[in-house]
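Letter by letter, the chains look like this.
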Amino acid sequence: MADVRKAASYQEYPETDGSTALAPRRQVLQRGQMVMWDKEAGVFVPYRKQGRSYKVLRRRLIVLAAVLGILYVGAIARSAALVRTGNQLVTLQTQESQLVNANAQLKLQVEKLRTPERITDIAEHQLHLSVARSNIYLGAR
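These numbers were taken from a predicted model, which means no experiment stands behind them.

Draft legend 1. Structural view of the overall build of the chain. When helices and strands are counted, the chain shows two helices and three strands. Within the chain, the proportion of its 141 residues that are buried is 9%. Taking as baseline every contact in the chain between residues at least 6 positions apart, the subset at least 24 positions apart corresponds to 41%. Carbon and sulfur atoms form 57% of the exposed surface of the chain, whose accessible area is close to 13,200 Å².

Draft legend 2. The pairing of strand β2 (residues 34-38), seen in detail. As defined by bridge partners, β2 adjoins strand β3 (residues 43-46) across four bridges and the pair is classed as antiparallel. Counted as the bridge partner of Val35 is Pro46 from β3. Linking β2 back to β3 in an antiparallel pair, the connection comprises four residues, with Gly42 at a positive phi of about 75°.

Draft legend 3. Quick peek at the confidence of the model for the chain. Scored by pLDDT, the chain has a mean of 79; 66% of the residues are at 70 or more. Within the chain, no element has a lower average pLDDT than strand β1 (residues 4-6), which sits at 51, and none a higher one than helix α1 (residues 55-113), at 96. Taken together, the stretch residues 6-13 has pLDDT below 50 and engages in 16 contacts with residues farther than four places along the chain or on a different chain.

Draft legend 4. Geometry of the pattern of salt bridges. In total, this model carries one salt bridge according to the counting rule given. For Glu111, the salt bridge is made with Arg114, and the minimal N-O distance between the two is 3.9 Å. The class of Arg114 is exposed, set by a relative accessible area of 56%.

Draft legend 5. Spatial organisation of unusual backbone geometry. Phi is positive for His128, close to 55°, though the residue is something other than glycine. Assignment of secondary structure puts His128 in the segment after α2 (116-125).

Draft legend 6. Highlighting a nonpolar patch on the surface. A cluster of nonpolar side chains, namely Tyr54, Leu57, Leu61, Val63, Leu64, Val67, Leu68 and Leu71, defines an oily patch on the protein surface of about 790 Å² accessible area. Within the fold, Leu68 resides in helix α1.

Here is what the cut-offs are and how they apply
Residues numbered from 1 in each chain as written. Predicted model: local features only at pLDDT ≥ 70, side-chain atom pairs only at ≥ 80, totals over all residues. Heavy atoms only, no water. Helix = DSSP H or I, 4+ residues; strand = E, 2+ residues; numbered from the N terminus. Buried < 20%, exposed > 50% of the residue type's maximum accessible area, 1.4 Å probe, protein only. Contact = heavy atoms within 4.5 Å. Areas by Shrake-Rupley, 256 points an atom, 1.4 Å probe, with all protein chains shown as cover. Pairing = 2+ DSSP bridges. pLDDT = per-residue confidence, 0-100. Salt bridge = Lys/Arg side-chain N within 4 Å of Asp/Glu carboxyl O. Patch = residues over 30% accessible without salt bridge, like charges linked within 9 Å, V, L, I, M, F, W, Y side chains within 5 Å.

Here's what the structure looks like:
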């Protein structure tokens, strides 16, 4: 079993005695099918590869596994970023509610400090000022 050639270049096949080789004249060969010369039988026989090569399939599976792994890691990283952002949002909302409460308390203090009674009390007792009765005008309507 030495020479491997394309079947299209051969038109005549020697007769066989029915041993190991198939009768080439009765066999239909597809165009481009490889044949080889069997020295023991003295005939051309179809060439078959001994084993199927899974190299390409293996490479494709490795590439597919790598792509799926990269996508999986990306999905995990994205989920982690979403969780981190959610935690930051909760922290900011809590901080906002605390600041709103503090602002409301400060507004109440400002309103208490603005009362006219408090202002006149501070003016009379701490600054020793008195109300000028001569400058008070009553307007008639």
